[in-house]
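Architecture at a glance
What follows is each chain in one-letter form.
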Amino acid sequence: MTIRFDQLGSAVLRTEYAVRGPVPTRAQQLEREGREIIFCNIGNPQAFEQKPLTYPRQVLALCQYPGLMTEAPGIFPEDVIATARAVLEGTRYGLGAYSDSTGVRFIREAVGAFIQERDGIETNAEAIYLTDGASKGVQGALRLLISGPQDGIMIPLPQYPLYSATVTLYEGQQVGYYLDEGHDWKLSREMLDESLKQATDSGIKVRAICVINPGNPTGAVLDCANISMVIDFAREHDLAILADEVYQENVYLQGDRFLSFAKVMVEKGERDVSLFSFHSCSKGFLGECGLRGGYMEVRNIPPDVLAQLTKLQSVALCANLTGQVATYCMVRPPKPGEPSYPLYAQERDSVLGELRKRAVLLAEGLNRIPGIQCNVVAGAMYAFPRITLPAGRTDLEYCMALLERTGICVVPGSGFGQLPGTAHFRTTILPPTDKIRVVVERLSAFHASYR
Ligand SMILES: Cc1ncc(COP(=O)(O)O)c(C=O)c1O
């Protein structure tokens, strides 16, 4: 007898992931039927004609097939060959063997050096885990933190559905805290206090707070005061912090800059709040979503707990080695004076320059449409505009109708969480400029006629 639907656990059935939910599923079906679809539902840069950067791909090519170093003389720059040799030596057995379950030590040390240089703080390779994308790190941390159905995890609303989905799957409680749309989606202490109080009043034991900085889907970039406020809040209420920093390179406004939770925490001398920070090869200017590279860095975690985290990581043996090497290239890029540097810098600046342009073009275009209001896209890869809907209509119906009539695939705001009575959708800023213009034109006509 085959497995039956009614045998599935309720946590599995309740788990939802809107970014690949009903609207994108319908979009794929339409595409198979021959419709031209503009997929704005997911932050997947290389699906939007973004080219991979040369340097990491060259290093990866040599690591995958070391024979190229001698069989293809003159093709690869010297520093690429030296890097590939160092990485292969660091892995000991090459890319086809399992590594330590926390990842290749040589690469973890490089991650440590990267954080040290970025933040001016001490690091420890034993507190760094290489993961299959940031997602696996987040899941590992949440698995550790949720010990039973009374355990709550504070997640921003709107949030990236990895958090809601994983908390549901691990049978914990989602404790949403609203971000303030009227103030560029910033975090406020009042919102945190209110959400925590409601949760504790209903018997939930809140264990951790997740913060996404820069924000997905909001694009907000937190300043030092905001980060410091979250750390104080966490200490006062005995919470761990999950800092999702996968968009740290995607900061577009002059005057804004990315600050890590680790840096602010160390500079405050904070030793009583456990911190899990995440970074990824999927975003930034690399956009290597398919390589599944990322890392988690932890602080203020006692050794016996750290051992349990390592045990959990070891259940899947190790993160994929290609992703680990991609992570190495992310944290140890070519330096000025090295042969690969000029091309690397040019490709990096071109990707970031384009994203900066598209962020403005899209937000301005959306704001020209009567009935649509969009905050400045300060960071990350998305706009999350607010829409006015005809009475009785939901954002899911709106997004589905938008897809059917215009071929544009966006995700309803309800998949990310939003204040009751408001409606939004999320779109990426990734389509090339000419496509962004098409998106804005079609949306404008659609919105005016939507009943
Ligand atoms: C906020 C946030 N965190 C984590 C991830 C997962 O990224 P990865 O590809 O590294 O698993 C994403 C992907 O879109 C994201 O937006």
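Located above this text is the structure these notes cover.
Every chain is numbered independently, its residues counted from 1 as its sequence is written. pLDDT decides what is reported in this predicted model: residues at 70 or higher carry local features, side-chain atom pairs at 80 or more are listed and counted, and totals for whole chains, interfaces and linings draw on all residues regardless. Note that the side-chain values use all heavy atoms of the structure and ignore hydrogens as well as water.

Using a grid of 1 Å spacing that covers the protein atoms alone, one calls a set of points a cavity when a 1.4 Å probe fits there but cannot get out, and a pocket when the set is open and has protein on both sides within 12 Å along at least five of seven lines; lining residues are those with an atom within 4 Å of a point. Grid points are joined across faces, edges and corners, and a volume is the space filled by probe spheres set on the points. By volume, the largest pocket is sized at about 740 Å³. Taken together, 31 residues line the largest pocket, and the ones lying closest to its centre are Phe114, Glu249, Met330, Val331 and Pro333. Numbering of helices and strands runs from the N terminus, with a helix taken as a DSSP run of H or I at least four residues long and a strand as a DSSP run of E at least two residues long. Those elements that place two or more of their residues in the lining of the largest pocket are α6 (105–119), β7 (275–280), α13 (321–331) and α14 (341–367). Looking at which element gives the most residues to the lining of the largest pocket, the answer is α6, with seven residues. Polar here means any residue other than Ala, Val, Leu, Ile, Met, Phe, Trp, Tyr, Cys and Pro, which are nonpolar, and Asp, Glu, Lys and Arg, which are charged; Gly is therefore polar. Grouping the constituent residues of the lining of the largest pocket by class yields 14 nonpolar, five polar and twelve charged. The calculated volume of the second largest pocket comes to roughly 460 Å³. Tyr17, Ser135, Tyr160, Lys283 and Arg292 are, among the 25 residues lining the second largest pocket, the residues nearest its centre. Examining the composition of the lining of the second largest pocket, we find that five residues originate from one element, helix α7 (residues 133–145), more than from any other. Of the residues belonging to the lining of the second largest pocket, the class tally is eleven nonpolar, eight polar and six charged.

With that out of the way, let us pick up a nonpolar patch on the surface. Patch members must show over 30% relative accessible area and no salt bridge, and they are joined within 9 Å when carrying like charges or within 5 Å when they are nonpolar side chains of Val, Leu, Ile, Met, Phe, Trp or Tyr. Every accessible area reported is derived by Shrake-Rupley at a probe size of 1.4 Å, with residue values counting cover from the shown protein chains alone. One speaks of a salt bridge when a side-chain nitrogen belonging to Lys or Arg is within 4 Å of a carboxyl oxygen belonging to Asp or Glu. On the surface, a cluster of nonpolar side chains totalling about 580 Å² of accessible area is made up of Ile3, Phe5, Leu8, Val12, Leu13 and Leu169. Relative to the elements of secondary structure, Phe5 occurs in the segment before α1 (10–14). The exposed category is assigned to Phe5, whose relative accessible area is 60%. Each residue's exposure class comes from its accessible area (1.4 Å probe, protein chains only) as a fraction of the maximum for that residue type: buried when under 20%, exposed when over 50%, partly exposed otherwise.

Two numbers describe how helix α3 (residues 54–64) lies on α13: the axes approach to 10 Å, and their chain directions differ by 140 degrees. Taken together, the axis directions place α3 and α13 in an arrangement best described as oblique. Remark: the crossing between α3 and α13 carries right-handed chirality. Counted together, Tyr55, Pro56, Val59, Leu60, Cys63 and Gln64 of α3 and Thr322, Val325, Ala326 and Cys329 of α13 form the full contact between these two elements. For the contact of α3 with α13, a count of residues per class yields eight nonpolar, two polar and no charged. With axes taken as lines fitted to C-alpha atoms, and helix axes fitted only over the stretch in contact, angles between N-to-C directions fall between 0 and 180 degrees. Note that the term roughly parallel is reserved for angles under 35 degrees, roughly antiparallel for angles over 145, roughly perpendicular for angles of 65 to 115, and oblique for everything else. By the definition used in this description, the sense in which the near helix is turned from the far one sets the handedness, with an anticlockwise turn below a right angle giving left-handed and a clockwise turn giving right-handed. Here, two residues are considered to be in contact whenever any of their heavy atoms come within 4.5 Å of each other.

For the rest of this paragraph, the subject is the packing of α7 against helix α12 (residues 303–315). It is at 10 Å that the axes of α7 and α12 come closest, and there the two elements cross at 125 degrees. Relative to α12, α7 is oriented oblique. For the pair α7 and α12, the crossing hand works out as right-handed. Only Val305, Gln308, Leu309, Leu312 and Gln313 of α12 make contact with α7, whose side of the interface consists of Gly140, Arg143 and Leu144. When the residues that make up the contact of α7 with α12 are grouped by side-chain class, the tally is four nonpolar, three polar and one charged.

Inspection of the region around the ligand gives 14 residues, with Ala134, Ser135, Asn216, Asp244 and Ser280 positioned closest. In protein, a polar contact means a hydrogen-donor-capable atom and an acceptor-capable atom, both N or O and within 3.5 Å, with residues adjacent in sequence counting only if both atoms are side-chain atoms; elsewhere, any N or O pair within 3.5 Å suffices. Between the ligand and the protein, one listed contact pairs an oxygen atom with a side-chain N or O atom of Ser135 at 2.5 Å. One of the side-chain nitrogen or oxygen atoms of Lys283 is found 2.9 Å away from an oxygen atom of the ligand. Protein contact buries 95% of the 400 Å² of open area that the ligand shows by itself. Because more than half of its atoms lie within 2 Å of the grid, the ligand is assigned to the second largest pocket. With three residues, α7 is the largest single contributor of residues to the shell around the ligand. Grouping the amino acids of the shell around the ligand by side-chain chemistry returns six nonpolar, five polar and three charged. Nearness of a residue to a molecule or strand requires only that one of the residue's heavy atoms be within 4 Å of it. If over half the atoms of a molecule are within 2 Å of the grid points of a cavity or pocket, the molecule is regarded as sitting in it.

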